[in-house]
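# Analysis of the macromolecular model
Each chain is listed here by its residues.
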Amino acid sequence: MRKAINQERMRSINKRQVFSCVKNHGPVSKKEIAELLGTSLTTVSTFINELIEEHKLTPSGTSKSTGGRKSEIFTLNPDALYCLGIDLQVDRLVSVVLNFNGEPVAGDSVPFQAPDEWEVAAAIRATIRDAVAQAGIDPAKLAHIGIGIPGIVDPDSCIVEFAPNLEWRNVNLRQLLALDQPLLIENEANAAALGEKVYGAGRLSANLCFISVGIGIGAGLILNNGLYRGASHHAGEFGHMTLDPDGPACRCGNHGCWEVFASNEAALKQYWHRTGRKLASYDHLLALAAAADPDAGAVLEEIATYLGIGIAGIVNGINPELVVVGGKIATCGEMLRNRLLKEIKERTLERTFRGLTVEFSSLGDRATALGVAEMALDRMV
Ligand SMILES: [Zn+2]
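Everything numeric in this text was worked out from a predicted model, so none of it was measured.

Further remarks concern the domain arrangement of the protein. Many structure descriptions define interface size as the accessible area lost when the parts assemble. Taken domain by domain, the protein comprises domain 1 (2-76), domain 2 (82-193 + 368-380) and domain 3 (203-362). Averaged C-alpha coordinates put domain 2 and domain 3 at centres separated by 25 Å. With 17 residues of domain 2 at the interface, the matching set in domain 3 holds 16 residues. Buried area between domain 2 and domain 3, summed over both chains or domains, comes out near 1,200 Å², and the portion from carbon and sulfur atoms is 55%. When the buried area of domain 2 at its contact with domain 3 is split by residue, Ile152, Asn190 and Ala193 rank highest and sum to 36% of it. Seen at the junction of domain 2 and domain 3, the total is one salt bridge. Viewed at the interface, domain 3 and domain 2 are joined by three residue pairs in polar contact (both at pLDDT 80 or more). Contributing elements (two or more residues each) for the side of domain 2 that touches domain 3: strand 8 (152-154), strand 11 (183-187) and helix 6 (188-199).

As a further point, take the coordination of the zinc ion. Taken together, the protein ligands of the zinc ion are His240 (ND1), Cys250 (SG), Cys252 (SG) and Cys257 (SG), with distances of 2.0 to 2.4 Å. Coordination at the zinc ion comes from four donor atoms whose angles at the metal span 104 to 122°, giving a geometry best classed as tetrahedral. Residue class for Cys257 comes out buried when judged on its relative accessible area of 0%.

Take the sheet that holds strand 13 (residues 217-223) next. Strands sit in the order 14-13-12-15-16 across an open sheet of five strands; the sheet is mixed. This sheet does not close on itself; its edge strands, each paired only once, are strand 14 (226-228) and strand 16 (357-360). If you compare each strand with its neighbour and ignore which way they point, the axes differ by 20° on average. Looking at chain direction, strand 15 (residues 322-326) and strand 16 are connected through four bridges and run parallel. Each residue of the ladder has a partner; that of Val324, found in strand 16, is Glu359.

Rules and cut-offs
- Residues numbered from 1 in each chain as written.
- Predicted model: local features only at pLDDT ≥ 70, side-chain atom pairs only at ≥ 80, totals over all residues.
- Heavy atoms only, no water.
- Domains from an automatic or database assignment.
- Contact = heavy atoms within 4.5 Å.
- Buried area = accessible area lost by both parts, 1.4 Å probe.
- Salt bridge = Lys/Arg side-chain N within 4 Å of Asp/Glu carboxyl O.
- Polar contact = N/O pair within 3.5 Å; in protein donor to acceptor, adjacent residues only side chain to side chain.
- Helix = DSSP H or I, 4+ residues; strand = E, 2+ residues; numbered from the N terminus.
- Donors = N, O, S within 2.8 Å, 3.2 Å for Na, K, Ca; no water.
- Tetrahedral: all angles 85-135°; square planar, octahedral: opposite > 155°, others 65-115°.
- Buried < 20%, exposed > 50% of the residue type's maximum accessible area, 1.4 Å probe, protein only.
- Pairing = 2+ DSSP bridges.
- Axes fitted to C-alpha atoms, helices over the stretch in contact; angles between N-to-C directions.

Here it is in structure tokens:
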């Protein structure tokens, strides 16, 4: 019995290897796959035929002749299955649909106001329906859903342990949503780091750090090409590094945390202290800065300074080759780049800074949705 189970397991692993080979190297011929995997042409042929019958692979012509016979080549069938990534933000749901090839085929950003988890659940279900309709796909082909969460999550149980800005504690999303598809959840900054790694500035970086600047500050780490979650999925909470033990109170209960000085909320407070004006939103502050309002510009410079101080600490600690700053502040990236770089350069060790690239995210508000969709895609194959 055990022998039969082991044989079945080995077969499944080998089939997955053939599939991954087409995914990573396609279009490829059977001979090339056999060479890459060091396995027999007969084994490769068997799995290729099965994967074609399952509509996961498709023939895509013949390879260029190099003197010998032309051989048939294979790629993933983009229409085989789809997955959906949703970034659950405090005031909007950003969605991305990926085809089986990992190409975005639809996406949206819908504002919502939801005071409790039941209304958020209804908004998420509506987003799933709308995404399927927008992508024009058969609902049965939506095979996996991933959701990025602004807080601490347990990815294994799909429980949101603590999301302060949603005021959620221990919300079981799998139970709450009761979806037809398998669900995965991930911290939004972790997902965004993966989004940058696969779709953004981080394609060539083995070690990168994504800094998510919002109401608070979170970070996602890709180390040695893999997402680093820490021993209990809590890694990346750099927003609560102490910058000033006697500083203003933070919502974590401590004083003088990094995010108290460098988050979007900190920016609004600084503008208020500087001008006596309370702005209704961070968008308003960015619009003022873009229109050359000197107070708004000075506040963002101050924020960039504090961002640089915190990032320098992270860079000294983990020595990444890339830091990507995301969040709405990225729309003012060009304006703030020099100030940020100057601050990081002054506070990092020379050799650490020499190999460092700092970018503002170019994925707009889609980094998290793309990252969590990519995770879902990875579970499907
Ligand atoms: Zn704190």
